[in-house]
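# Topology and contacts: notes
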Amino acid sequence: MAKITELSQLDMDGTYSYADYLTWRLEESVELIKGKIMAMSPAPNRKHQCISGNLFLYLGNYFKRKPCEVFVAPFDVKLYDRRKSLLKNGEAFSVVQPDLCVICDKDKLTEQGCDGAPDWIIEVLSPGNSRKEVRLKYDLYEESGVREYWLVFPYEQIVQQFVLDEQDKYQLRGLYPGNEIAAPHLFPDLQIDLNDVFAE
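Model, not experiment: these values are computed from the prediction. Think of each chain on its own: its residues are numbered from 1, step by step along the sequence as written. Owing to the predicted nature of the model, reporting of local features is limited to residues with pLDDT of at least 70; listing and counting of side-chain atom pairs is limited to 80 or more, with chain, interface and lining totals taken over all residues. Hydrogens and water are ignored here; the side-chain numbers use all heavy atoms of the structure.

One recurring pattern in soluble globular proteins is that nonpolar side chains are buried together. Ranked by size, the top nonpolar core spans 23 residues in total, and within it Leu55, Leu59, Phe63, Trp120 and Ile192 carry the most contacts. Numbered from the N terminus, helices here are DSSP runs of H or I no shorter than four residues, and strands are runs of E no shorter than two. Among the elements of the structure, α2 (46–63), β6 (100–103), β8 (120–124), β9 (148–153) and α5 (194–197) are those that each provide at least two residues to this core. It is α2 that provides the largest number of residues to this core, a total of five residues. Between two residues, a contact is recorded if the distance between any of their heavy atoms is within 4.5 Å. The residues contacting Leu59, other than those within four sequence positions of it, are Val70, Leu100, Val102, Trp120, Ile122, Leu190 and Ile192. In this structure, Phe71, Val96, Val146 and Phe162 belong to the second largest nonpolar core, which totals 22 residues. For the purposes of this section, nonpolar cores are sets of buried Ala, Val, Leu, Ile, Met, Phe, Trp, Tyr and Cys residues that join through side-chain atoms within 4.5 Å. Burial classes follow relative accessibility: with a 1.4 Å probe on protein chains only, a residue under 20% of its type's maximum area counts as buried, one over 50% as exposed, and anything between as partly exposed.

Mapped onto the elements, Val159 comes out in strand β10 (residues 158–164). Between the C-alpha atoms of Val159 and Ala92, which are 67 residues apart in sequence, the distance is 30 Å.

This paragraph deals with the sheet that holds β8. DSSP-based pairing: two strands are paired if at least 2 bridges between them are found. Pairing in this open sheet of six strands is mixed, and the strands run β3-β6-β8-β9-β10-β11 from one edge to the other. At either margin of the open sheet sits one strand with a lone partner, and together these are β3 (69–72) and β11 (170–177). Recorded for the sheet is a direction-independent mean angle of 15° between the axes of neighbouring strands. Pairing geometry for β6 and β8, over three bridges, is antiparallel. Along β8, the bridge assignment pairs Cys101 with Ile121. Here an angle of 0 to 180 degrees is reported between the N-to-C directions of two axes, which are lines fitted to C-alpha atoms, with helices fitted over the stretch in contact. Packed on one face of the sheet, α2 meets β3, β6, β8 and β9 and runs near 160° to β8. Packed onto the sheet, helix α4 (residues 131–144) meets β8, β9, β10 and β11 and runs at close to 160° relative to β9.

Purely spatial values, then, with no claim about function.
Below, the structure written as structure tokens:
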């Protein structure tokens, strides 16, 4: 089998598994969402990097000496589509690299990354993110059981906070403008001053 080093060698309409993904040696960063290849945006711009870094400072300090751990991209998170996984003996068809994620179950951590849903995912949007991509990830995180999901809009300076309800559906729990304090539902004593987050 030929070594995969370029996206052009892959069928962009094909369906691939995490096992396939591990064999690729691509220069471009890609994610798999329900078996479909999603090319990631080019390297994040300065604004994106500043926001991710500022959030990591808050989270890193908060989770120091606590059982949960925070990870930043690039960090593979393997997620499971329950129907496909059942058909294929637990094989994963989705692997993403969230900007930040918090994992409290140490059994999910592997040498490759995270095997299963993190407790909390934060995605900082880039100009290259399409509405379709945002919607696909929202659906994927919801069905995979990511308990809390934040979408950060750098240019609008807004944070959307989604939390899974009793029916495992996301509810919009908070909409924070950039001059407020945001607190995750899962860790309410973590107070994040968005003035600091959006500062460049």
